[in-house]
Amino acid sequence: MEVKDSNGNILNDGDSVHVVKDLKVKGMSTTLKRGNVIKGIRLTGSPNEVECRVGKSTVVLKTEFLKKA
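If you're wondering where the values come from, they're calculated on a predicted model, not measured in any experiment.

1. Quick word on the side chain of Asp-15
1) Next: If you trace the backbone, Asp-15 turns up in the loop between strand 2 (10-11) and strand 3 (17-19).
2) Next: By relative accessible area, Asp-15 is classed as buried at 15%.
3) Next: The contacts of Asp-15, once residues within four sequence positions are left out, are Ile-10, Ile-38, Lys-39, Gly-40, Ile-41 and Lys-68.

2. Details of the pairing of strand 9 (residues 57-62)
1) Next: As paired elements, strand 8 (residues 49-54) and strand 9 share six bridges and run antiparallel to each other. Bridge pairing in strand 9 links Val-50 to Leu-61.
2) Next: A loop of two residues connects strand 8 with strand 9, the two strands running antiparallel in sequence, and Gly-55 in this loop sits at a positive phi of about 70°.

3. What to know about the sheet that holds strand 9
1) Next: Taken in spatial order, the three strands make up an open sheet running 7-8-9, and their pairing is antiparallel. A strand with exactly one partner marks an edge of an open sheet, and here the two such strands are strand 7 (42-43) and strand 9.
2) Next: Bridge count between strand 7 and strand 8: two bridges; the pairing is antiparallel. Opposite Arg-42, over in strand 8, you have Glu-51 as the bridge partner.

4. So, the side chain of Asp-5
1) Next: Assignment of secondary structure puts Asp-5 in the loop between strand 1 (3-4) and strand 2.
2) Next: Summary of buried charges: Asp-5 has no salt-bridge partner, and the nearest side chain of opposite charge, Lys-68, is 7.4 Å away.
3) Next: Side-chain polar atoms of Asp-5 contact the backbone nitrogen of Lys-68, separated by 2.8 Å.
4) Next: Setting aside its immediate chain neighbours within four residues, Asp-5 contacts Leu-11, Thr-63, Leu-66, Lys-67 and Lys-68.

5. Quick word on the sheet that holds strand 6 (residues 37-38)
Strand pairing within a sheet occurs via backbone hydrogen bonds; the two strands may be parallel or antiparallel.
1) Next: Strand order in the open sheet formed by three strands is 6-3-10, with antiparallel pairing between adjacent strands. This sheet does not close on itself; its edge strands, each paired only once, are strand 6 and strand 10 (66-68).
2) Next: Summarising the sheet, strand 3 and strand 6 pair through two bridges and their orientation is antiparallel. Within strand 6, the position partnered with His-18 by the bridge is Val-37.

Conventions and cut-offs
- Residues numbered from 1 in each chain as written.
- Predicted model: local features only at pLDDT ≥ 70, side-chain atom pairs only at ≥ 80, totals over all residues.
- Heavy atoms only, no water.
- Helix = DSSP H or I, 4+ residues; strand = E, 2+ residues; numbered from the N terminus.
- Buried < 20%, exposed > 50% of the residue type's maximum accessible area, 1.4 Å probe, protein only.
- Contact = heavy atoms within 4.5 Å.
- Pairing = 2+ DSSP bridges.
- Lys, Arg positive; Asp, Glu negative; His and termini not counted.
- Salt bridge = Lys/Arg side-chain N within 4 Å of Asp/Glu carboxyl O.
- Polar contact = N/O pair within 3.5 Å; in protein donor to acceptor, adjacent residues only side chain to side chain.

Here it is in structure tokens:
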């Protein structure tokens with residue numbers, strides 16, 4: 001199973017990604033701003049989602065809003 005970012009690049013465990021759009025995350029009071037770098041992503045069972053840590057919380061993000069750093 002290949003997991004691809006918004007530009008079609010293949011993502012692997014431990015990659016760093018940039019957020020391409022401001023995202024309001026359910027359950028968090030802050031917004032992920034465009035251009036934020038998220039380090040150390042983990043792949044899930046779905047090819048459209050990755051799991052990552054933002055602050056102290058773990059969040060699942062859709063790959064269509066991410067690009068490889």
